[in-house]
4 protein chains.
Amino acid sequence: MEKKLKVGVLGATGMVGQNYVRLLANHPWFDISYLGASPSSAGKKYTDAVAGRWHMREAIPSKVAGMTVEDAGNVDNAVGKCSLVFSAIEMEKQAVLDLEAAYARKGSPVVSNNSAYRPVDDIPVIIPEINADHLAIIPDQQKKRGFGKGFIVVKPNCSIQSYMIPIYALIKAGYPISKMILTTLQAVSGAGYPGPASIDLIDNTVPFISGEEEKSEVEPRKILGKVVGGKIVPDDSINISAHCNRVPVTDGHTACCSVEFAGKKPEADEIIRIWRSFTAVPQQLKLPSAPVPPIVYSDEPNRPQPQKDRDNGKAMAITVGRLRKCNVFDYRFVGLHHNTVRGAAGGSILAAELLMAKGMVT
Amino acid sequence: MEKKLKVGVLGATGMVGQNYVRLLANHPWFDISYLGASPSSAGKKYTDAVAGRWHMREAIPSKVAGMTVEDAGNVDNAVGKCSLVFSAIEMEKQAVLDLEAAYARKGSPVVSNNSAYRPVDDIPVIIPEINADHLAIIPDQQKKRGFGKGFIVVKPNCSIQSYMIPIYALIKAGYPISKMILTTLQAVSGAGYPGPASIDLIDNTVPFISGEEEKSEVEPRKILGKVVGGKIVPDDSINISAHCNRVPVTDGHTACCSVEFAGKKPEADEIIRIWRSFTAVPQQLKLPSAPVPPIVYSDEPNRPQPQKDRDNGKAMAITVGRLRKCNVFDYRFVGLHHNTVRGAAGGSILAAELLMAKGMVT
Amino acid sequence: MEKKLKVGVLGATGMVGQNYVRLLANHPWFDISYLGASPSSAGKKYTDAVAGRWHMREAIPSKVAGMTVEDAGNVDNAVGKCSLVFSAIEMEKQAVLDLEAAYARKGSPVVSNNSAYRPVDDIPVIIPEINADHLAIIPDQQKKRGFGKGFIVVKPNCSIQSYMIPIYALIKAGYPISKMILTTLQAVSGAGYPGPASIDLIDNTVPFISGEEEKSEVEPRKILGKVVGGKIVPDDSINISAHCNRVPVTDGHTACCSVEFAGKKPEADEIIRIWRSFTAVPQQLKLPSAPVPPIVYSDEPNRPQPQKDRDNGKAMAITVGRLRKCNVFDYRFVGLHHNTVRGAAGGSILAAELLMAKGMVT
Amino acid sequence: MEKKLKVGVLGATGMVGQNYVRLLANHPWFDISYLGASPSSAGKKYTDAVAGRWHMREAIPSKVAGMTVEDAGNVDNAVGKCSLVFSAIEMEKQAVLDLEAAYARKGSPVVSNNSAYRPVDDIPVIIPEINADHLAIIPDQQKKRGFGKGFIVVKPNCSIQSYMIPIYALIKAGYPISKMILTTLQAVSGAGYPGPASIDLIDNTVPFISGEEEKSEVEPRKILGKVVGGKIVPDDSINISAHCNRVPVTDGHTACCSVEFAGKKPEADEIIRIWRSFTAVPQQLKLPSAPVPPIVYSDEPNRPQPQKDRDNGKAMAITVGRLRKCNVFDYRFVGLHHNTVRGAAGGSILAAELLMAKGMVT
């Protein structure tokens, strides 16, 4: 890996874009060479474009600070400046569909945080530990959409990683799951900036996040699905019901889960053994952002907790605890992950590393 | 109701005891005439006994401030000073069992917040809107235990009222429930004083409360049970699974619930109609602390919220919202109640009003 | 006071306007008969105009819920519908100056929360306990501005009441103050809705509130000033330095104050005696919103606290504590008041009651 | 520095002791070889001794986890096992005085977090950037107290670093300060574990921390003092008045400061230049924990903030912002530091590095 791959960030001045800039500083494989944003930011130095709205705790990486922001809508301009783009654009749905397709049509792989393409059946929604094999659909996607060597890959909603990786580990070990009822306690950073008003989250929690429950119930089935005939066919054998709450936490989504197995039921110690020994494609390929181990099981009775566990595995690990029998289903447990790293920019970077390791970007 | 009933508060200097003192000030039926506490407080004026640890937002009611605290263990001394005692004592389980029985044996009705007697099959665990009929067991209890005209009644754990009253309304309307999976977001006041350390609940939530899940699963079955042959026989036809979380909220427990009906399934609008028109013994008897209506259903998409709904019905109403289909069970909804009023001292006072209205205390 | 005075609320749909609506429900002297807002709300029922953005904890008062909102800019329309308007409009400064003057010119007394007129030398900035005598300027204001029987009175910034009333009590008692250095810890409700982002106030405080320090230093001098020749001449004998912080508190501004007396210095017990016995025009006139006493001095070592003291005197009292010697100046103390009641709508309503009691509105 | 110095931690199982264990893991100069605690922990493995009360976010360093905890009171036992002890013992004042002296008498340098020795005139209270020269008193201390080669050095209270280093930088540059009035907003971790109850810091702040204001006013004078005739003579030319508040922040103490210069007054840009170019003994000696630069001045209008600035310089830097004219004194500014690192264990480790670099421990 002598020379780093040049990458672009679309929507570079927003909250997610800032996370990309932060996480890609000093990345061993990727080098930011292009920053795309709205016309109002175009032409400015990055440091000026984000003045007064840089929300990361670290300072702007010095290399990026002086780079000139370009108009993300000027696709021709980006070509040649980078070999892959991370999309953190925030626009109307149709505009997202059009702009990301335009980049792909120019031959650029696009790894997107936006939800616009998630329901589309030839666009893989990737959690690298689970469905790296869904990348097999890309030749079909390229052919069907006239993308040439470009393509589109997306990451799922930020609320599902904490339980999807643990339940996938069980499914992979031969214990398919039929039913799952879960309640999330989600951090405010999941809502972008400014997100919820502080007056609504002091001495309070809010039992509703617009659109979140639907995404939490639909996206897992696609991720667990199979590529068949140029389409990703969702796995309808699992039914999920999600209650989503906003809580006064900066970062870290918690999920309290009850699960029922479809067939045979493992013992509790076997489940813990499966989780602790779980490893997947990102770990086997030694991707730079892959957490080792991907699942941390805590024996403490009162964990995982956002404040204490969100940074496990450089904020890319899933922390699980409190496995115990459920009175109604088979088992219950609590999962937690860092929503703006594993659940957003970090998850996309891991997907891009996967693409790189598989030779799909060059 | 010309003359008020003289009542005592055992454990009057603690957090729950202070809530009794606060809520009984200006009560139309009850008058505090006795304050019992530990020997170290005995002999002091109440205002001195709680100096530096009065945690209510209102000032100490002037009438009580100057009263002398007595040794709660000196049962003979209490006799004649009051006609009913509210017990908020915090001691080892056996000591609670002994002391509350001693008061009953001296002829005093005891309404207790302590959990010691809750599992005992001749002691009713009362939520007045649900199981006022369980009071029928008292003559058996008195006979069996040699209590004379004294007896013991307890209130349930503070975490269950927000969903028990709504599901009871459905059961009573002819829609029995077989399964329930729920997750609570519980306020810190539920842990007494000092309760959780602030450093553990700033930018954090904790997915564990010792003993809470067990109580939340067992007590409802007893409350929904029947008095048969001098015993309260729990209703085993309902299975409940509870995940209990502590969140940075002062007062107000939230529960996110998924329920499955045992038989026929009502339409959503019928459920809302049942809740909104629900009324029960406390409302029919016009008990002073009975909320009218007992269940407030909110149409707002993001309610109930602790900060905004805990004080509904003078903090005695249950607020429910977000009724919607569940992907796995039949329906889901969110319930909320004020844990230190409806869930603790206020719930016990309502039970005492019920005893009074039924002529069981004089 | 047989018949209530008809009053209007301009900017009735905003956060401050909602506070007016809430506080004027059941007011013994005033009756809301007019609701003015932006053209986009005009013609709607109030309940529809605030749908999804009603931020008060109580429900919309039933009487107001069904009233039709009018276009506040249509001044002629308001005339005859009410005899005084409370202004909570949020517009560009010049638009505020113009609109409030238009109401006054039509003969309407205007009591405003907006800061636009505060620096103007013939407009009194009223804290009724301090400078009720500044109302003497109104005839001059009316003449100079051609207001007829209309006029404009404003309330000061919401950050200053907690220390201005205590220091005025001392000044009035013969102990003028020359220097004051203070630091505020201000609640988020002071910023309106949505105000600060929750992510900026979880595990954090912010040492800056735009424009707040300047207002905190300038407005007190005008309030302590004198009416001379048709102008309010500020009292330049007091120098104030304010540090303003935003903290994660819903309601209640705290101020930590060090003061130096200009001349003779009272003993600490004399200061406390002055505060506890302080009474002023609103108390003497028995105005309905006047707190009795206006200043509550707490002997507890760790008070005042927002959560526990903001509602003293129906949220209209100032709570003071921790009077002690200062190492640099003469004394220090901590003051606290409820910023959206005493510091905003409640303060304005008290000023309107003063106008009414003095026969200045009819 | 071929071989690391063996160090001990007294009070190793408490909150401060845990911070030492965390910060000394992987220290380039020091190696923990001795863990002292109360008799109840003695004989246990460290991991067992802190089971259920390990409050650091990182896991227990593996090297320390298996070490056996010793009885800190058994001083003879410690001798030979380590060449310096960090004292984080929490006992009655006299017991602290006795135990720390016992270690010194056995020849061990003691660097203490405890306040017991701070007022004693031959014990230096060290902030290494300010008064490294106070170490000159050690030979006198050793002689006077019969300590042999042992001695005692202490760190100051955790609330003062954020302003002491900035004002020292000004004093050193030729601008002595005569008066200072400041208000702190202090994090809950400063109170140890469990510290304040969460119910007291949700939607609240507390304007009082026992003993904190006195320490904040007295200790700075000693630190700025001079070694004269075997005593540290405090600098009485500066008068400080401190208001100390507890706020709902995990880590990071903020101070809002107004200062008056004794003589000539620098321009604002000169002050900023002095702060930004300030460097001192720890930086010159390249001590491993010395932040470079020690003072970070932020130009942002709303900084420093605990959440965003406490980790500057690996949590050892002081962040300063908002320098502006004061209406009463000359200037005001806001300072911030990490209270459990720079203000506690990290500050002591820096002092120990200073001792090492100066050849005072071997």
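See the structure printed just above.
Described below are features of the structure shown in this document. (Residues numbered from 1 in each chain as written. Chains lettered and ligands numbered in written order. Predicted model: local features only at pLDDT ≥ 70, side-chain atom pairs only at ≥ 80, totals over all residues. Heavy atoms only, no water.)

**A few points about the relation of the copies chain A and chain B**
Threshold: When the copies are superposed, the least-squares fit takes in the C-alpha atoms of residues with a pLDDT of at least 70 in both. Any two residues whose heavy atoms approach within 4.5 Å at even a single point are treated as in contact.
Once chain A is rotated about the relating axis by 180° and shifted along it by 0.0 Å, it coincides with chain B to within an RMSD of 0.0 Å. Here the symmetry operator amounts to a two-fold rotation axis. Relative to the rotation axis, the closest C-alpha in chain A is found at Thr183 of chain A, a distance of 3.2 Å. With an isologous cut-off of 70% or more, the 100% of interface residues of chain A that recur at the interface of chain B puts this contact in the isologous class.

**Focus on the packing of helix H8 (residues 161-172) of chain D against helix H10 (residues 268-277) of chain D**
All names here are of chain D. To keep it simple, the criterion reads: Between N-to-C directions, angles cover 0 to 180 degrees, with each direction set by a line fitted to C-alpha atoms, over the stretch in contact for helices. Only DSSP runs of H or I reaching four residues or more are called helices, and only runs of E reaching two or more are called strands; each is numbered from the N terminus. Orientation categories follow fixed angle ranges, with anything under 35 degrees roughly parallel, anything over 145 roughly antiparallel, 65 to 115 roughly perpendicular, and all other angles oblique. Each residue is assigned to one of three groups, with Ala, Val, Leu, Ile, Met, Phe, Trp, Tyr, Cys and Pro labelled nonpolar, Asp, Glu, Lys and Arg labelled charged, and all others, Gly among them, labelled polar.
Between H8 and H10, whose axes approach to 9 Å, the crossing angle comes to 110°. In this view, H8 runs roughly perpendicular relative to H10, as classed from their interaxial angle. In contact with Pro166, Ala169 and Leu170 of H8, H10 contributes Ile271, Ile274 and Trp275. For the contact of H8 with H10, the residue count by class is six nonpolar, no polar and no charged.

**Describing the interface of chain A and chain D**
Rules: Throughout, buried area stands for the accessible area (probe radius 1.4 Å) lost by two parts on being put together, summed over both. Think of a polar contact as two N or O atoms within 3.5 Å of one another; within protein, one of them needs to be a possible hydrogen donor and the other a possible acceptor, and neighboring residues in sequence only count if both atoms come from side chains.
With seven residues of chain A at the contact, the number on the chain D side is seven residues. When chain A packs against chain D, the two sides together hide about 780 Å² of surface, and 43% of this comes from carbon and sulfur. Interface area lost by chain A to chain D is led by Arg57, Gln307 and Lys308 of chain A, which between them contribute 56%. If you look at where chain A meets chain D, you find zero residue pairs in polar contact (both at pLDDT 80 or more). Each residue belonging to the side of chain A that touches chain D can be placed in one class, and the counts come to one nonpolar, two polar and four charged.

**Details of the relation of the copies chain A and chain D**
Note on the copies: chain A fits chain D at an RMSD of 0.0 Å, the axial shift is 0.0 Å, and the rotation between them is 180°. Comparing interface residues between copies, 100% of those in chain A also lie at the interface in chain D; the contact surface is shared.

**A look at H10 of chain D**
Residue and element names in this part refer to chain D. Condition: Think of it in three bands: with a 1.4 Å probe and only protein chains considered, a residue is buried below 20% of the maximum accessible area for its type, exposed above 50%, and partly exposed in between. Working definition: the arc comes from the directions between the helix axis and the C-beta atoms, pointing outward to the latter.
Along H10, the residues that are buried comprise Ile271, Ile272, Ile274 and Trp275. Viewed along the axis of H10, the buried residues span an arc of 160°, placing them on a single side of the element. Against the buried residues of H10 lie H8, strand E11 (253-261), strand E12 (295-298), strand E13 (318-325) and strand E14 (331-337).

**Brief notes about the interface of chain A and chain B**
Stated formally: Put simply, a salt bridge is a Lys or Arg side-chain nitrogen that is within 4 Å of an Asp or Glu carboxyl oxygen.
Each partner contributes residues to the interface: chain A has 49 residues there, and chain B has 49 residues. Between chain A and chain B the total buried area reaches about 3,700 Å² when both faces are included, carbon and sulfur atoms providing 52% of it. With a shortest N-O distance of 3.0 Å, Glu213 of chain B and Arg324 of chain A are connected by a salt bridge. Here chain A is connected to chain B by 34 residue pairs in polar contact (both at pLDDT 80 or more). Where the side of chain A that touches chain B is concerned, the elements lending two or more residues are strand E7 (177-186), helix H9 (212-223), strand E10 (239-246), strand E11 (253-261), helix H12 (306-309), strand E13 (318-325) and strand E14 (331-337) of chain A. A per-element tally of the side of chain A that touches chain B places E10 of chain A first, with six residues. Taken together, the residues of the side of chain A that touches chain B break down into 23 nonpolar, 14 polar and 12 charged.

**Overview of the sheet that holds strand E6 (residues 151-154) of chain B**
The strands making up a sheet associate through hydrogen bonds between their backbones, and the pairing can be parallel or antiparallel. Residue and element names in this part refer to chain B. Stated formally: We call two strands paired when DSSP finds no fewer than two bridges between them.
The six strands are arranged E3-E2-E1-E4-E5-E6 in an open sheet whose pairing can be described as parallel. Edge positions in the sheet fall to strand E3 (70-71) and E6, since each has one partner strand and no second. Summarising the sheet, strand E4 (residues 84-87) and strand E5 (residues 109-112) pair through three bridges and their orientation is parallel. Within the sheet, the bridge partner assigned to Phe86 lies in E5 and is Val111.

**Here we look at the pairing of strand E11 (residues 253-261) of chain B**
Residue and element names in this part refer to chain B. Burial analysis of E11 places nine of its nine residues in the buried class, which makes it a mostly covered element. Neither face of E11 is exposed, since His253, Ala255, Cys257, Val259 and Phe261 on one face and Thr254, Cys256, Ser258 and Glu260 on the opposite face are all buried. Here seven bridges tie E11 to strand E14 (residues 331-337), and the two strands are oriented antiparallel to one another. Across the sheet, the residue bridging to Ser258 is Arg332, located in E14.

**What to know about empty space enclosed by the protein**
Selection criterion: The method works on a 1 Å grid over the protein atoms by themselves. A cavity is a set of points holding a 1.4 Å probe that cannot get out, a pocket is an open set with protein on both sides within 12 Å along at least five of seven lines, and residues with an atom within 4 Å of a point line them. Grid points are joined across faces, edges and corners, and a volume is the space filled by probe spheres set on the points.
Enumeration according to the criterion identifies seven cavities of 30 Å³ or more in this entry. As a volume, the largest cavity reaches approximately 250 Å³. Every residue lining the largest cavity is counted, 20 residues in all, and those nearest its centre are Leu201 and Pro248 of chain B, Pro248 of chain C together with Leu201 and Pro248 of chain D. Of the residues belonging to the lining of the largest cavity, the class tally is 12 nonpolar, four polar and four charged.

**Focus: the environment of Phe208 of chain C**
Looking at where Phe208 of chain C falls in the secondary structure, it is placed in the loop between strand E7 (177-186) and helix H9 (212-223). When the C-alpha positions of Phe208 of chain C and Cys244 of chain C are compared, they lie 5.8 Å apart, and in sequence the two are 36 residues distant. Residue contacts for Phe208 of chain C: discarding those within four places in its chain leaves Cys244 and Asn245 of chain C together with Pro301, Asn302 and Arg322 of chain D.

**Quick look at the sheet that holds strand E11 (residues 253-261) of chain C**
Residue and element names in this part refer to chain C. Across the sheet, six strands lie side by side as E10-E7-E11-E14-E13-E12; this open sheet has mixed pairing. Each edge of the sheet is formed by a strand with only one pairing partner; in this case those strands are strand E10 (239-246) and strand E12 (295-298). If you compare each strand with its neighbour and ignore which way they point, the axes differ by 20° on average. Across five bridges, the pairing between strand E13 (residues 318-325) and strand E14 (residues 331-337) is antiparallel. If you follow Val320 over to E14, its bridge partner there is Gly335. Taken strand by strand, helix H10 (residues 268-277) contacts E11, E12, E13 and E14, and its axis lies near 170° from that of E13.

**A few points about the packing of aromatic side chains**
Residues and elements named next belong to chain B. Put simply, the rule reads: Pairing of aromatic side chains requires ring centres within 6.5 Å, counting the rings of Phe and Tyr and the six-membered ring of Trp. Pairs whose planes differ by under 30 degrees are stacked, by over 60 edge-to-face, and all others tilted.
Summed over all chains, the structure comprises 34 aromatic pairs over all chains. With 6.1 Å between their ring centres and 70° between their planes, Tyr175 and Phe261 make a pair best called edge-to-face. With Tyr175 in the loop between helix H8 (161-172) and strand E7 (177-186) and Phe261 in strand E11, this residue pair connects regions lying 86 residues apart in the sequence.

**Quick notes on the pattern of salt bridges**
Residues and elements named next belong to chain B. Taken as a whole and assessed by the stated rule, the structure comprises 81 salt bridges over all chains. As a salt-bridge pair, Arg221 and Asp236 come within 3.3 Å of each other at their nearest N and O atoms. Of the two residues, Arg221 sits in helix H9 (residues 212-223) while Asp236 sits in the loop between strand E9 (231-233) and strand E10 (239-246), which places them 15 residues apart along the sequence. Classification of Arg221 by relative accessible area gives partly exposed; the value is 22%.

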